[in-house]
Amino acid sequence: NQEEQVKGALLDLKDYLGIPRIPRLIEGFDISNISGKLAVGSMVVFEDGTPKKSRYRRYRVDTQGPDDYAMMREVLRRRYTKLLDSGEDERPDLIVVDGGRGQLNTGLEVLKSLNLTSIPIIGLAKEFEHIFIPDYPSPIILPSNSRALHLLMRVRDEAHRFAVTYHKTLRTKDIQD
């Protein structure tokens, strides 16, 4: 059944990624822009493998120019500074950033600067579905039929969809103004 499959995927993720807890709460991030214009970021939230749309967040990015790392840095810093400032207890069990080693390193840098290094973070690079984890030079490559990989791809693809939708909304508004 569906619930058992999700539980299995979450357990597999914990093992594959070597993280301390089953990732019941996952936050996924993506950036969308055209040559740095009208840049936006998105955060999606999956709880027990299911999207929690009420917890999604959109960000208008202030960072100028087509610098994906700086844009990701801004969005992650805003999200986790707010988490700390609000006294919110519920921290994600896993952060997924769309991208490879560079995006992962950007995320690690932000978490370190905010003393949130206890939150596991990974990068998921689209082309070959390579998973980048801290302190490990080579990407992890899961079998293409892996439930864990499919869950990560759903998080990444949903973050991408949410960012692109917001970006299109702003472009349409920009054209009309």
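Described in the following lines is the structure provided in the data block. A quick note: this is a predicted structure, and the numbers were derived from the prediction, not measured.

Counted according to the given criterion, the structure contains 13 salt bridges. Between Glu3 and Lys7 there is a salt bridge, with the nearest N and O atoms lying 3.8 Å from each other. Of this pair, Glu3 and Lys7 both sit in helix H1 (residues 2-17), 4 residues apart, which is roughly one turn of that helix. With respect to class, Glu3 is no different from Lys7; both count as exposed. For Arg21, the salt bridge is made with Asp93, and the minimal N-O distance between the two is 2.8 Å. You can see Arg21 sitting in the loop between H1 and strand E1 (25-34) and its partner Asp93 sitting in the loop between helix H2 (68-86) and strand E5 (94-98), a full 72 residues away along the chain. Taking relative accessible area as the criterion, Asp93 reaches 10% and is therefore assigned buried. Each of Lys126, Glu129, Arg156 and Asp157 takes part in one network of salt bridges that share partners.

The next subject is the packing of H2 against helix H3 (residues 101-113). In the contact formed by H2 and H3, the axes pass within 9 Å of each other and the chain directions differ by 35°. Where H2 crosses over H3, the two elements pack in a sense that is right-handed. Where H2 abuts H3, its residues Asp68, Tyr69, Met72, Arg73, Leu76, Arg77 and Tyr80 lie against Gly102, Gln103, Thr106, Gly107, Glu109, Val110, Leu111 and Ser113. A per-class count over the contact of H2 with H3 returns 6 nonpolar, 5 polar and 4 charged.

What counts, and where the lines are drawn
Residues numbered from 1 in each chain as written. Predicted model: local features only at pLDDT ≥ 70, side-chain atom pairs only at ≥ 80, totals over all residues. Heavy atoms only, no water. Salt bridge = Lys/Arg side-chain N within 4 Å of Asp/Glu carboxyl O. Helix = DSSP H or I, 4+ residues; strand = E, 2+ residues; numbered from the N terminus. Buried < 20%, exposed > 50% of the residue type's maximum accessible area, 1.4 Å probe, protein only. Axes fitted to C-alpha atoms, helices over the stretch in contact; angles between N-to-C directions. Left-handed = near helix turned anticlockwise from the far one by under 90°. Contact = heavy atoms within 4.5 Å. Nonpolar A, V, L, I, M, F, W, Y, C, P; charged D, E, K, R; others polar.

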